[in-house]
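# Structure assessment
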Amino acid sequence: MSGLALRVEPSECEPATSWASRLAERNGCATVQDLVHDMGFSWKKFRTGDKAVVTALCELANVDPEKLLKFTYRIGDESTSKWVGDEWLAPKLMRFDAPSVCPSCIEDAQNGSSNFPRSGAPIWWYIDGIRSCPIHGRALIQLPRPERGRCKHDHAGRVRDNISLITKALKIAEICEPSELECYVLRSMSCGRSTTNRWVD
């Protein structure tokens, strides 16, 4: 199996599904599922964080899989066991159907193109309770549920589907400094612990 002609680097705290969605856009695929299937992998295994599948796609794209696995949501050995990296999280804490995004981050990432975000969705955009952007000090906005045929994990596609909403939100985005709890979680995820993949106490 040959490697991909066009590649993208993982951005800070980005899960594998977000990265793959940007890789799909970069290579002209209509959806992230199309890219994963075209490369010969199971989309279900990829979106549920199967380490072997994520690693195999990373190798085709010449990307270090550990950069993504640390922040990738996965299902454990038991179907009720959910993890981000090595950290267990209650499923109710994750909001893939309607994640929150920072319009300013997306504007910065567009780099002049409305069709391809240059950086992805940090895992904290999917965590319930994170309501503000630590970079821009602005309130996050919640995306509507995905359109018919669009997977909830297809970050780049959902940005494209909702670019008008995101652009409008730039004009009215309210100032919102992170709470102490948000700062703690964000700092733990960004800095991590030097010898492990755990970021939540």
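Look a little higher up for the structure.
Right, let's walk through the structure included here. Everything numeric here is computed off the predicted structure, so don't read it as measured data.

## Description of the packing of aromatic side chains
By the definition in use, this model includes three aromatic pairs. Measuring from ring centre to ring centre gives 5.0 Å for Tyr73 and Phe96, while their planes differ by 55°; the resulting arrangement is tilted. One end of the pair, Tyr73, is in strand β1 (residues 73-75); the other, Phe96, is in the loop between β3 (87-88) and β4 (100-101), and 23 residues separate them in sequence. Judged by centre distance (5.0 Å) and plane angle (35°), the rings of Phe96 and Tyr126 are tilted.

## What to know about the nonpolar core
By size, the foremost hydrophobic cluster in this structure holds 28 residues, and its most contacted members are Met94, Ile123, Trp124, Trp125, Ile130 and Met189. Among the elements of the structure, α6 (103-110), α8 (163-172) and α9 (180-191) are those that each provide at least two residues to this core. Here the element with the most residues in this core is α9; it accounts for three residues.

## With respect to the environment of Glu9
With respect to the element layout, Glu9 can be found in the segment before α1 (16-26). C-alpha separation for the pair Glu9 and Asn62, spaced 53 residues apart in sequence, amounts to 9.0 Å. Glu9 has contacts with Glu14, Trp19, Arg22, Asn62, Val63 and Lys67, leaving out every residue within four places of it along the chain.

## Focus on the packing of α6 against α8
Running from amino to carboxyl end, α6 crosses α8 at an angle of 115°, the nearest separation of the two axes being 9 Å. What the angle tells us is that α6 and α8 run roughly perpendicular. Our pair here, α6 against α8, has a crossing hand that is left-handed. Two secondary-structure elements touch here, α6 through Pro103, Ser104, Ile106, Glu107 and Gln110 and α8 through Ile163, Ile166, Ala169 and Leu170.

## What to know about the side chain of Arg22
Turning to its location among the elements, Arg22 is positioned in helix α1. Look at Arg22 and you get buried, because its relative accessible area is 1%. Among the polar contacts listed, one links the side chain of Arg22 to the backbone oxygen of Glu9, at a separation of 2.8 Å.

## Examining α1
Most of α1 is tucked away: 10 of the 11 residues are buried. Where α1 is buried, its residues contact α2 (32-38), α3 (43-47), α4 (51-60), α5 (66-69) and α7 (155-161). In the stretch just after α1, Gly28 is the one whose phi turns positive, near 80°.

## A closer look at α4
All of the buried residues along α4 are Val53, Val54, Thr55, Leu57, Cys58 and Leu60. Of the surrounding secondary structure, the elements contacted by the buried residues of α4 are α1, α2, α3 and α5. Residue Asp50 occupies the N-cap position of α4, its side-chain oxygen lying 3.1 Å from the main-chain nitrogen of Ala52. Phi turns positive one or two residues past the end of α4, at Asn62, with a value near 60°.

## Quick look at the side chain of Thr17
Looking at the secondary structure, you find Thr17 in helix α1. Given the relative accessible area of 6%, Thr17 is considered buried. Sequence-distant contacts of Thr17, that is, excluding residues within four places in its chain, are made with Val32, Trp43, Phe46, Arg47 and His153.

## Examining the pattern of salt bridges
The full count for this structure, using the stated rule, is eight salt bridges. Across the pair Asp128 and Arg131 runs a salt bridge, and its minimum N-O distance is 2.9 Å. The class for Asp128 is partly exposed, based on a relative accessible area of 36%. The exposure class assigned to Arg131 is partly exposed, which follows from its relative accessible area of 41%.

Here is what the cut-offs are and how they apply
One numbering rule holds for all chains: residues counted from 1, following each sequence as written. Where totals are concerned, whole chains, interfaces and linings use all residues; where local detail is concerned, this predicted model gives features only for residues with pLDDT of at least 70, and gives and counts side-chain atom pairs only at 80 or more. Side-chain metrics in this entry use all non-hydrogen atoms of the structure; hydrogen atoms and water are not considered. Here a Phe, Tyr or Trp ring, Trp counted by its six-membered ring, pairs with any other such ring whose centre lies within 6.5 Å, and the pair is stacked when the planes are under 30 degrees apart, edge-to-face when over 60, and tilted otherwise. Secondary structure counts use DSSP, requiring at least four H or I residues in a row for a helix and at least two E residues in a row for a strand, with both numbered from the N terminus. By convention a nonpolar core is built from buried Ala, Val, Leu, Ile, Met, Phe, Trp, Tyr and Cys residues, the set being connected through side-chain atoms within 4.5 Å. Accessibility here uses a 1.4 Å probe with only protein chains present; expressed as a share of the type maximum, an area under 20% marks a residue as buried, one over 50% as exposed, and anything in between as partly exposed. Residue contacts are counted whenever heavy atoms from the two residues lie within 4.5 Å of one another. Note on geometry: axes are C-alpha line fits, over the in-contact stretch for helices, and angles between N-to-C directions span 0 to 180 degrees. Every angle not falling under 35 degrees, over 145, or within 65 to 115 is termed oblique; those three ranges are roughly parallel, roughly antiparallel and roughly perpendicular. When the near helix sits turned anticlockwise from the far one by under a right angle, the crossing is termed left-handed; a clockwise turn instead gives a right-handed crossing. The term polar contact refers here to a pair of N or O atoms within 3.5 Å; inside protein, the definition further demands a hydrogen-donor-capable atom paired with an acceptor-capable atom, and it admits residues adjacent in sequence only when both atoms are side-chain atoms. Counted as salt bridges are all cases of a side-chain nitrogen of Lys or Arg within 4 Å of a carboxyl oxygen of Asp or Glu.

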